[in-house]
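Structural description and commentary
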Amino acid sequence: MLDDDMRRRRIRVRAWRRGMREMDILMGRFVDARIEALPAEALDELEKLLDLPDDAVFRWLSGAEPAPPERDTPLLRQIIAFHTHDGPIH
């Protein structure tokens, strides 16, 4: 069993090496900003999300289609909210 620090390092590498540049940016930036604050349960969920095909997760994150109920988790909503801007960015 990996300790949480090792898991965080592996997740960070996986988030930035998705294979699809758009996913690298979406997942990598979220992970860089929030990984240290995520509890072990959220790390589990994040690892499951990173195991899924890029094209499906990209559609959910971009709002092109809703995530299926079993994938519509608080963590996925947190990633979507991280990349959503309700006002001008200054």
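Report on the accompanying structure. (Residues numbered from 1 in each chain as written. Predicted model: local features only at pLDDT ≥ 70, side-chain atom pairs only at ≥ 80, totals over all residues. Heavy atoms only, no water.)

A closer look at the overall build of the chain
Secondary structure assignment for the chain yields five helices and zero strands. Put simply, the chain runs from its N terminus to its C terminus through helices and strands in the order α-α-α-α-α. Each principal axis of the C-alpha distribution contributes one length, and for the chain these read about 40 × 35 × 25 Å. Relative to its full complement of 90 residues, the chain shows a buried share of 33%. Long-range contacts, defined here as pairs at least 24 residues apart, represent 58% of the contacts in the chain between residues at least 6 apart. Side chains of the chain give 15 positive and 18 negative charges; the mean places of these two sets differ by 3 Å. (Helix = DSSP H or I, 4+ residues; strand = E, 2+ residues; numbered from the N terminus. Buried < 20%, exposed > 50% of the residue type's maximum accessible area, 1.4 Å probe, protein only. Contact = heavy atoms within 4.5 Å. Lys, Arg positive; Asp, Glu negative; His and termini not counted. Charge placed at Lys NZ, Arg CZ, Asp CG, Glu CD.)

A word on the environment of alanine 81
The residue alanine 81 is located in helix H5 (residues 74-82) in this model. The exposure class assigned to alanine 81 is partly exposed, which follows from its relative accessible area of 49%. Placed 20 residues apart in sequence, alanine 81 and leucine 61 show a C-alpha to C-alpha distance of 9.2 Å.

Geometric values such as these leave the question of function open.
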